[in-house]
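# Understanding the architecture of this molecule
Listed below, chain by chain, are the residues.
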Amino acid sequence: MSRHQLQLRDGVPATSAWIGWDRPLRTFFAQVFATDPKDEDEEVPILWEGTVEAELPRPIDAIRLLEPYCDIPAETAASLEIDRMKTLAKTDGPNQLEAKAFLARLEARNRSNRT
């Protein structure tokens, strides 16, 4: 997994922004956090995408989500693709396999509850 912090734009009501690659889920992700109004020592996500397997398959998918919050350096897409390529030969261990199976069961249950 890779995780890169990005510079927030002036005036954006957030405390941090992150972008990266999650190898077990095979997805890029985008995160933006702000101060929790109930507890100033805590952060809460105001954007968190890329939590589902293959949800954001290309770097640009995550970058576009963060554009309203950050000025994103041109080299970010290439850096993220390198992060992804570094993990191509890696395989899931037993914990990751079980986590994926759990997520699949949870998604199936959620689908059946919606119908």
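Above this note sits the structure.
Figured I'd write up the structure that's included with this text.

Thresholds applied
Residues numbered from 1 in each chain as written. Predicted model: local features only at pLDDT ≥ 70, side-chain atom pairs only at ≥ 80, totals over all residues. Heavy atoms only, no water. Pairing = 2+ DSSP bridges. Helix = DSSP H or I, 4+ residues; strand = E, 2+ residues; numbered from the N terminus. Axes fitted to C-alpha atoms, helices over the stretch in contact; angles between N-to-C directions. Contact = heavy atoms within 4.5 Å. Buried < 20%, exposed > 50% of the residue type's maximum accessible area, 1.4 Å probe, protein only.

It is worth spelling out the sheet that holds strand β4 (residues 39-49) at this point. The strand order across the open sheet formed by four strands is β1-β2-β3-β4, and the pairing between neighbours is antiparallel. Two strands bound the open sheet, and with one partner strand each, they are β1 (2-6) and β4. Taken pair by pair, the neighbouring strands of this sheet meet at an average axis angle of 25°, ignoring direction. Sheet topology note: the β1/strand β2 (residues 16-22) ladder contains five bridges and is antiparallel. Within the sheet, the bridge partner assigned to Q5 lies in β2 and is W18. Along the sheet, helix α1 (residues 59-66) makes contact with β1, β2, β3 (27-36) and β4, crossing β3 at roughly 20°.

Looking now at α1. Residues of α1 that are buried: P59, D61, A62, I63 and L66. Buried residues belonging to α1 abut β1, β2, β3, β4 and α2 (76-85).

From the geometry alone we can't say anything about function, so treat these as descriptive.
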